[in-house]
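# Structure at a glance
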Amino acid sequence: MGMWSLGLGAVGAAIAGLILANTDFLLTKPAPASVEYLGNADLKTINSDERALKAKTLWEKSGAVIMAVRRPGCFLCREEASELSSLKPQLDELGVPLYAVVKENEGTEILDFRPHFAGEIFLDEKQAFYGPQQRKMGVLGFIRLGVWQNFIRAWRSGHQGNMNGEGFILGGVFVIGSGEQGVLLEHREKEFGDKVSIQSVLEAAKKIVVEK
């Protein structure tokens, strides 16, 4: 009888853990990022002519759409990057640039990511665009139903990737206006593959006042 009780208790605990992992109860709530916080981020260009710059120079006059990439080799991130890149012709018409920031520059990961992303990529070593309250999703993410649905969706769309680099710190997408317009859209990745609505990105980009 004792063994049965222990067995049933273990099964009950496993079921409860599975249910809990598929709710948002354990997820760290994102803290909104002010345009002042983001603008003060130190970025570096990723090319032979490496230079440092403050992030605010990217959007001061034209606004910008910026993807904070969780991991360049992740096929879910590549899927979102490709969808954002599909907006490039419309963003060009609006005069709004498309950028991405990454946490690290490992091997050929950024080079391999470039075919999926149509904008310039910068290195955010201090991970400012992943804050101000950094959020992580660990191995529990792999038992979330939504994550598996995202895996299947990206796989069916033909995207592939690898397991190189840090991939637990969650990313997001920002649409930032010019001048004093501030942050017009802030999408924080809730779980692996929780991508932004590109229609929402385009609607936010249309609100940007581009200085001539």
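Rules and cut-offs
- Residues numbered from 1 in each chain as written.
- Predicted model: local features only at pLDDT ≥ 70, side-chain atom pairs only at ≥ 80, totals over all residues.
- Heavy atoms only, no water.
- UniProt positions renumbered as here; feature names shortened; annotations may be inferred.
- 1 Å grid on protein atoms, 1.4 Å probe; cavity = no way out; pocket = protein on both sides within 12 Å on 5 of 7 lines; lining within 4 Å.
- Points joined across faces, edges and corners; volume = space filled by probe spheres on them.
- Helix = DSSP H or I, 4+ residues; strand = E, 2+ residues; numbered from the N terminus.
- Nonpolar A, V, L, I, M, F, W, Y, C, P; charged D, E, K, R; others polar.
- Axes fitted to C-alpha atoms, helices over the stretch in contact; angles between N-to-C directions.
- Parallel < 35°, antiparallel > 145°, perpendicular 65-115°, else oblique.
- Left-handed = near helix turned anticlockwise from the far one by under 90°.
- Contact = heavy atoms within 4.5 Å.
- Buried < 20%, exposed > 50% of the residue type's maximum accessible area, 1.4 Å probe, protein only.
- Arc of directions from axis to C-beta.
- Phe/Tyr/Trp six-rings, centres within 6.5 Å; stacked < 30°, edge-to-face > 60°.
- Pairing = 2+ DSSP bridges.

By the naming in an unreviewed UniProt entry, the chain is Peroxiredoxin-like 2A, taken from Cyprinus carpio carpio. For the record of the chain, the UniProt heading Sequence similarities (unreviewed entry) holds the text "Belongs to the peroxiredoxin-like PRXL2 family. PRXL2A subfamily." Among the UniProt annotations of the chain, the heading Subcellular location (unreviewed entry) holds the following wording: "Cytoplasm".

All right, on to empty space enclosed by the protein then. One pass over the full model with this rule turns up one cavity of 30 Å³ or more. What the largest cavity holds in volume is close to 70 Å³. Take the lining of the largest cavity: its biggest share by element is three residues, from helix H3 (residues 75-85). Its residues assigned to classes, the lining of the largest cavity comprises four nonpolar, three polar and five charged.

The next thing to look at is the packing of H3 against helix H6 (residues 145-156). Between H3 and H6, the least distance of the axes is 9 Å, while the angle of their chain directions is 60°. In terms of orientation, H3 and H6 fall into the oblique class. Like other packed secondary-structure pairs, H3 and H6 cross with a definite hand, here left-handed. Touching Phe75, Leu76 and Glu79 of H3 are Asn150, Phe151, Arg153, Ala154 and Trp155, all from H6. The residue makeup of the contact of H3 with H6, split by class, is five nonpolar, one polar and two charged.

An α-helix turns once every 3.6 residues. As a result, residues three or four positions apart point the same way. All buried positions along helix H7 (residues 198-205) are accounted for by Val201, Leu202, Ala204 and Ala205. Axial view of H7: buried residues confined to an arc of 165°, hence all on one face. Close packing links the buried residues of H7 with strand S3 (64-68), H3, helix H4 (88-94), strand S6 (172-176) and strand S7 (183-188).

What follows deals with the packing of aromatic side chains. A full pass over the atoms with the stated rule returns six aromatic pairs. Aromatic side chains Trp148 and Phe151 sit 5.1 Å apart centroid to centroid with 85° between the ring planes, which places their arrangement in the edge-to-face category. Remark: Phe151 and Trp148 occur in helix H6; sequence separation between them is three residues, near one turn of the helix. Residue Trp148 is classed as partly exposed on the basis of its relative accessible area of 44%. On the basis of relative accessible area, Phe151 is assigned to the buried category, the value being 14%. Members of the aromatic cluster, joined through ring pairs, are Phe75, Trp148 and Phe151.

The subject of this paragraph is the sheet that holds strand S1 (residues 42-45). An order of S2-S1-S5-S4-S3-S6-S7 is seen for the seven strands of this open sheet, with the pairing classed as mixed. Each end of this open sheet is capped by a strand with a single partner; those strands are strand S2 (52-54) and S7. Across this sheet, the average inter-strand angle for adjacent strands is 30°, counted without regard to direction. Judged from the five bridges that link them, S6 and S7 form a sheet pairing that is antiparallel. Across the sheet, the residue bridging to Ile176 is Val183, located in S7. Together, S3, strand S4 (98-102), S6 and S7 form the strand contacts of H3, whose direction differs from that of S3 by roughly 170°.

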